Amino acid sequence: QVQLVESGGGLVQAGGSLRLSCAATGTIFSINAMGWYRQPPGKQRELVASITRGGSPNYADSVKGRFTISRDNAKNTVDLQMNSLKPEDTAVYYCKADGVNGKYIYSGSYWGQGTQVTVSS
């Protein structure tokens, strides 16, 4: 069974930084894309950033220049470095893995449990 375990959320003042980490556990052979989504209070879940297995990133316009996504294919991890945080970045952040191939798994998609990020003004 594949699980995504997130860490690094918390409370920070506007202008501060946080780093989110996500590790995929289980018998995994490869993961295609990994990414971070967020769901602000009362709103729909939205893409924040994603990264291909080859390392090509994609960012939401609202976070370009402030957030950086990175991954380690050998460790099946993906990180999100968040700088210059704003109150509007407050949300539950979810890790996602797509195109997961593993023992008895072909092209599966998985979500993490979510981690709260709160940015105070």
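Described in the following lines is the structure provided in the data block. (Residues numbered from 1 in each chain as written. Predicted model: local features only at pLDDT ≥ 70, side-chain atom pairs only at ≥ 80, totals over all residues. Heavy atoms only, no water.)

**Quick word on the state of the cysteines**
In total, this model carries 1 disulfide according to the counting rule given. Across the disulfide, Cys22 is cross-linked to Cys95 (sulfur-sulfur distance 2.1 Å). Taking the sign of the S-S torsion, about -80° here, the bridge from Cys22 to Cys95 comes out left-handed. Taken together, the positions of Cys22 in strand β3 (residues 18-25) and Cys95 in strand β9 (residues 91-102) put the pair 73 residues apart, joining distant regions of the chain. Per residue, the accessibility class of Cys22 equals that of Cys95, and both read buried. (Disulfide = S-S within 2.5 Å. Helix = DSSP H or I, 4+ residues; strand = E, 2+ residues; numbered from the N terminus. Buried < 20%, exposed > 50% of the residue type's maximum accessible area, 1.4 Å probe, protein only.)

**Some words on the packing of aromatic side chains**
The final tally for this structure, using the stated rule, is 2 aromatic pairs. Each ring, one from Tyr94 and one from Trp111, has its centre 6.4 Å from the other, and the planes form 90°; the classification is edge-to-face. With a gap of 17 residues between them, Tyr94 in strand β9 and Trp111 in strand β10 (residues 105-111) connect regions that are remote in the sequence. An aromatic cluster is built from Tyr37, Tyr94 and Trp111, whose rings are joined through pairwise contacts. Seen from the ring of Tyr94, Arg45 lies directly overhead, with NZ or CZ sitting 3.7 Å from the centre. The positively charged end of Arg45 is found above the aromatic ring belonging to Trp111, 4.5 Å away from the centroid. (Phe/Tyr/Trp six-rings, centres within 6.5 Å; stacked < 30°, edge-to-face > 60°. Lys NZ or Arg CZ within 6 Å of the ring centre and 35° of its normal.)

**Thoughts on the pattern of salt bridges**
Tallied over the entire structure, the rule returns 6 salt bridges. A salt bridge links Glu46 to Arg38, with the nearest nitrogen and oxygen atoms 2.8 Å apart. Classification of Glu46 by relative accessible area gives partly exposed; the value is 32%. In this structure, Arg66 and Asp89 form a salt bridge, with 2.7 Å as the shortest nitrogen-oxygen distance. Linking Arg66 in the loop between β6 (57-59) and β7 (67-72) with Asp89 in the loop between β8 (77-82) and β9, this pair joins segments that are 23 residues apart in sequence. In terms of burial, Arg66 and Asp89 fall into one category: buried. Three or more residues joined by partner-sharing salt bridges are found here, namely Arg38, Glu46, Arg66 and Asp89. (Salt bridge = Lys/Arg side-chain N within 4 Å of Asp/Glu carboxyl O.)

Purely geometric numbers; function is a separate question.
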